[in-house]
Structure formats: C-alpha cells, structure tokens
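# Chains, contacts and geometry: an overview
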Protein chains: 2
Amino acid sequence: MTNKPLKRESLSKQVSDKLEEMIASGEYSIGDKIPTEPELMEMFNVSRNTVREAIQSLTWTGLLEVKQGDGTYVSATNRFYANMEKKYREVSLEDIREARNCLEVTIAHLAAQRRTDEDIIYMKEALEKRKELIVDSKENTSADLLFHISVAKACHNNILSDMYQSIAYYLENQIADRNENSSLSTEEIDRLHEILFKSILDGKKEAAARAVQKILEI
Amino acid sequence: MTNKPLKRESLSKQVSDKLEEMIASGEYSIGDKIPTEPELMEMFNVSRNTVREAIQSLTWTGLLEVKQGDGTYVSATNRFYANMEKKYREVSLEDIREARNCLEVTIAHLAAQRRTDEDIIYMKEALEKRKELIVDSKENTSADLLFHISVAKACHNNILSDMYQSIAYYLENQIADRNENSSLSTEEIDRLHEILFKSILDGKKEAAARAVQKILEI
DNA sequence: TTCCATTTGTTCGTATGTATG
DNA sequence: CCATACATACGAACAAATGGA
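Going along each chain's sequence as written, the residues are numbered from 1 onward. Throughout, the order in which chains and ligands are written sets their labels, letters from A for the former and numbers from 1 for the latter. Owing to the predicted nature of the model, reporting of local features is limited to residues with pLDDT of at least 70; listing and counting of side-chain atom pairs is limited to 80 or more, with chain, interface and lining totals taken over all residues.

## Some points on the protein's contact with DNA strand D
The C-beta atom of each residue is placed using the backbone, and any residue whose C-beta lies within 6 Å of a molecule or strand is treated as near it. As a structural note, the neighbourhood of DNA strand D is formed by 20 residues, with S10, L11, S47 and G69 of chain A together with T36 of chain B the closest of them. Those elements that provide at least two residues to the surface near DNA strand D are α1 (11–24) and α3 (48–61) of chain A together with β2 (71–74) of chain B. Classes in brief: Ala, Val, Leu, Ile, Met, Phe, Trp, Tyr, Cys and Pro nonpolar; Asp, Glu, Lys and Arg charged; the others, Gly included, polar. Residues belonging to the surface near DNA strand D are distributed by class as follows: three nonpolar, 12 polar and five charged. Numbering of helices and strands starts at the N terminus; helices are DSSP runs of H or I of at least 4 residues and strands are runs of E of at least 2.

Listed below in structure tokens is the structure:
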C-alpha cells in the first residue's frame, strides 16, 4: 500500500516557506533586496518558474514587492499585518507610542495569567541576553525588543501578539532613543524588566501591568 | 516623448477578467462547474499555463474553487464577499473580545481628547441610525459597528483605528449575538451608547473609557 | 542623451504526478 | 483498472522596465 505520510509539499511552497522564514528571522529586513531569480534558482536548485511562483505567493501575502527591471524587495515581515507595515512607514512616533502602550499593558496582564513554562524559557533567555549586552548597542536594542515580543507571545492571543509584532519594527528606533536619553540608569531599567519578568513568572497580573507601564514611561 | 497610453494587459489577466465578467453576469452561477482547462485553452486560444494562471488568480480572490481530478467550480460571484474569512480562521471569539477590549478603551480615551466637529457629525449620524433601526436586524448590527468605527476614527491615531477596523469584520457576529442574548434591555444599551457619545463630545476621557467598558460588558 | 547589461514579465511547449469517478 | 482533469515542474524564448555607463 502507498501510505502517504503527510501532504506532499510542492517545491514552490518549500521555497516560499524558506524565504518567509528568512524574512521573519531578520536575514532580510524591510527594504532589502532579495537575491535575483537566477540566484534563487541556484540557491534552491529549482527552475525559474518555481522560484517565480514562490515569489508571487509572497507578493500576494504582502511580504515582497517586485519591481520589474530592478529586483524584489521585502515590504513586510509579518504576513498578517503586511498591509499595515507598508502603510505605517511614515507614521508618527506618538501614534506608535500610544499603540504600543495600548497593546502592551493588556498583553502583560494576559501573559501573567497564561504564560507556559516554554514562554518563560524564551523570556528568560531574551532577558539575559539583553542584560549582558552593552547598552546603546544595536544588539541590545534587538534583544530588548525580542524580550517584549516574547512577552507578547506569552499572552496567547494571536490577534494581540500579531498586532504587537506588526508595530515592533517601529519600536526599535523608539527603544534605541530611549536607552540613550533616559533619565534612568541602566541598572534601573534592567530592574524594571526584571520586575516585569518576575511578575509574569509568578502570575501577578496587576504587578505585570504596572511594571510595563513603568517601562513605557522611561 | 514616449507617452505610454496605459499598461499593457497580460493574456492571463485578460482571461481572468473575461471569466470574472462571465461569473458576474450570471453565465456561471455559484456551484457551477466551469469549462475544463483544455476547453478554456481553445475558447481563449491561449496555452494551458495562461489558463491556469487566470484560474489561480480567481481562486485567490475567492471566486473559484478548484478540485483536482474533478473540475473548477464557482464559489462566489463577488470578489469582495469572498476574501476575509480565511485569515482569522484560527482565532477564537475570546481572542477577538480581548483584542477589542484592549483597543476600544484606549480609543475612547483618545477620542474624547481629539474628536473634531466632523467626527462628531459622523458619530451622531451613526448613533441615530442605530437607534431607529429594529434591534436584531442585520442593519442594526451594521449601524452599531459603524458607530464604533466612527469613534475609532475620532481617536486620530491611524494605527489604532486601522487595527480596530482590521478586526471589525469579526465583531459583527459578536455584536449580533450580544444584541440577542443580552441581559440588558434595548433602552439600556441605547443609553450606554448615548453616554459614550456624550462623553466624547464633552471631552470627558475617563467617562468615555468607563462607558466603553460597560458596553463591552453587555 | 543614448546604449546596454541586468532583472523581471509573459507565454509557450512538454513531461510526469495525483485525484476523481 | 482506466479515462479524465487538475497539479507540479522544467526548459526556452522573447518582451519590457530599470539603472548605470
């Protein structure tokens, strides 16, 4: 008998998945030009049609933007809020701050109630990486953001975590700016993040919400 | 100068347009099987790839559904009707409720501070339409939603209002359900909406936020 | 400015795999 | 089992747009 284990995955799907993964992982960021079709043909060892089909599918979901005679560019990192990311390239810092505030308090509240052991591992990892890096470095900003995203995932509400991720791209600038110009010392900022983590770990939702608010006030 | 009149239309686009037109005109109705790919090849005098590309594009817009080994069927007659359901298929009602709650309180808060006279006009219009329609009707649900969307616009934060709109589609069911099964009377629900409107009109942000919370508890 | 190499866009042909009735 | 119909993949050729020399 021909017991098919699972659905067979088409080559083009494999290629588009791989590309999407590379985009999500940050290997290609928004605005970056991805390799040309001939290069992708060689990378994945498939025909041009297959490459093009994969690109097309990512174009339709809004992750890529193709310019004839020029190349293919990353236009968003998250398929869900792809349209939004494109739209908000020129949005005001204040709008972002407000949206972040709105989402993050609720997220912290929920995360404290729902975090799994796995969530905790990711959060702890990001937190430690954050602490050991030099402040003001680009890596520190990324690690900071990664911690907040891990919190968002721990809230186990796909809409909220996706919404948070959709604005995460814009938070990097804000975080970098904040880390440089804050009136608080590095130790105090570290401490606030520790408190947030502990509150979520212990399931103290009100404390978690308060901790987030303090972080947002930095 | 090389004044290009318009973009040249690809063959596959021409075919898909033609097919869409035939569907819209009723030549093929919902559930009908359209001609096979070889038949379409002959009808439009194009290659199979071109036919397939046209069909694929209509599949993505939701007008057609393809069944391997069987045929291609009309699944909708209007491209706007077909789109949205797929994305949030894995989202629970509770997720939507939480996201709505999260956004709407902040929105009300901001709207009270920033509403313009124009915003007020739209909100008032939606509110009156809402009141005069029979409860439980589809129109009432739409008017209800329209009022909340007009509030979202009045917050003058594009990110928040767009996020709200992005889940609005799913709120219709929630609102309809709520209007049917609420413990509150129609008059009480109307009153809560009036209070929200008045609070925003008067710029009372805390009152507006409280009013929204009560509406969300219905 | 023109010209050219690069890059994507469109279309065709063909072969083979898979699902349905 | 088989004919039919769709799915996937490869190769090839030419068109069109772009950016830089």
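## Looking at the sheet that holds strand β2 (residues 64–67) of chain A
Residue and element names in this part refer to chain A. Note: two strands are recorded as paired if DSSP finds a minimum of 2 bridges between them. Judged by pairing direction, the sheet is antiparallel, and its three strands sit side by side in the order β1-β3-β2 without closing on themselves. Across the chains shown, the open sheet's two edge strands, defined by having one partner strand only, are β1 (33–34) and β2. Relative to strand β3 (residues 71–74), β1 is paired through two bridges, and the arrangement is antiparallel. Within β3, the position partnered with I34 by the bridge is T72. Placing C-beta atoms from the backbone, we regard two residues as in contact once those atoms come within 7 Å. Note on definitions: angles span 0 to 180 degrees between N-to-C directions of axes, and those axes are lines fitted to C-alpha atoms, for helices only across the stretch in contact. Strands in contact with α3 are β2 and β3; relative to β2, the strand with the most contacts, it is inclined by about 115°.

## A short note on the protein's contact with DNA strand C
Within the structure, DNA strand C sits among 20 residues, and T36 of chain A together with S10, L11, S47 and G69 of chain B are positioned closest to it. A per-element tally of the surface near DNA strand C places helix α3 (residues 48–61) of chain B first, with three residues. Looking at the surface near DNA strand C, its residues break down into three nonpolar, 12 polar and five charged.

## Digging into the pairing of β2 of chain A
Within a regular strand, the side chains alternate between the two sheet faces. Residue and element names in this part refer to chain A. Bridge analysis of β2 against β3 gives four bridges, and the strand direction is antiparallel. By the bridge assignment for β3, V66 is matched with T72. In sequence, β2 turns back onto β3 through a hairpin of three residues, with G69 there showing a positive phi of about 75°.

## So, the confidence of the model for chain A
Within chain A, residue pLDDT values average 85, and 88% of them lie at 70 or more. Low pLDDT (under 50) marks residues 1–7 of chain A, which in the prediction has zero contacts with non-local residues, meaning those over four places away or in another chain. Each residue gets a pLDDT score, which is the predictor's confidence in that residue and runs from 0 to 100.

## Concerning the nonpolar core
Only buried residues count toward a nonpolar core: Ala, Val, Leu, Ile, Met, Phe, Trp, Tyr and Cys, linked into one set through C-beta atoms within 7 Å. Exposure is read from a count of other C-beta atoms within 10 Å of each residue's own; the residue is exposed at 12 or fewer, buried at 20 or more and partly exposed in between. C-beta atoms are placed from the backbone. The biggest cluster of nonpolar side chains holds 61 residues, and the ones touching the most others in it are A108 of chain A together with A108 of chain B. Excluding residues within four positions of it along the chain, A108 of chain A makes contact with V151, L196, I200, A208, A209, A211 and V212 of chain A.

## Quick notes on helix α10 (residues 205–217) of chain A
Residue and element names in this part refer to chain A. Multiplying 1.5 Å by the residue count of a helix minus one yields the expected span of that helix. In a regular helix each residue adds 1.5 Å, so 13 residues correspond to 18 Å; α10 covers 19 Å between its end C-alpha atoms and thus fits that length. Of the positions making up α10, those classed as buried are A208, A209, A211 and V212. Down the axis, α10 shows its buried residues gathered within 160° of arc, on one side only. Opposite the packed face of α10, turned more than 90 degrees from it, sit the exposed residues E206 and E217. Tucked into the core, α10 has its buried residues touching α5 (93–114) and α9 (186–201). In this description, one arc is meant: the one made by directions from the helix axis to the C-beta atoms.

## Considering the packing of α9 of chain A against α10 of chain A
Residues and elements named next belong to chain A. Their axes nearest at 8 Å, the elements α9 and α10 cross at an angle of 160°. In terms of their interaxial angle, α9 and α10 are classed as roughly antiparallel. In this structure, α9 crosses over α10, and the sense of that crossing is left-handed. Of the residues in α10, those touching α9 at L192, H193, I195, L196, S199 and I200 are A207, A208, A211, V212, K214 and I215. Grouping the constituent residues of the contact of α9 with α10 by class yields nine nonpolar, two polar and one charged. An angle below 35 degrees is read as roughly parallel, one above 145 as roughly antiparallel, one from 65 to 115 as roughly perpendicular, and any other as oblique. Each crossing gets its hand from how the near helix is turned against the far one by less than a right angle, where anticlockwise is left-handed and clockwise is right-handed.

## A few points about the interface of chain B and chain A
Contacts between the two partners involve 19 residues from chain B, matched on the other side by 19 residues from chain A. Those elements that provide at least two residues to the side of chain B that touches chain A are α5 (93–114) and α8 (158–181) of chain B. The leading source of residues in the side of chain B that touches chain A is α5 of chain B, at eight residues. Of the residues assigned to the side of chain B that touches chain A, the class counts are 11 nonpolar, three polar and five charged.

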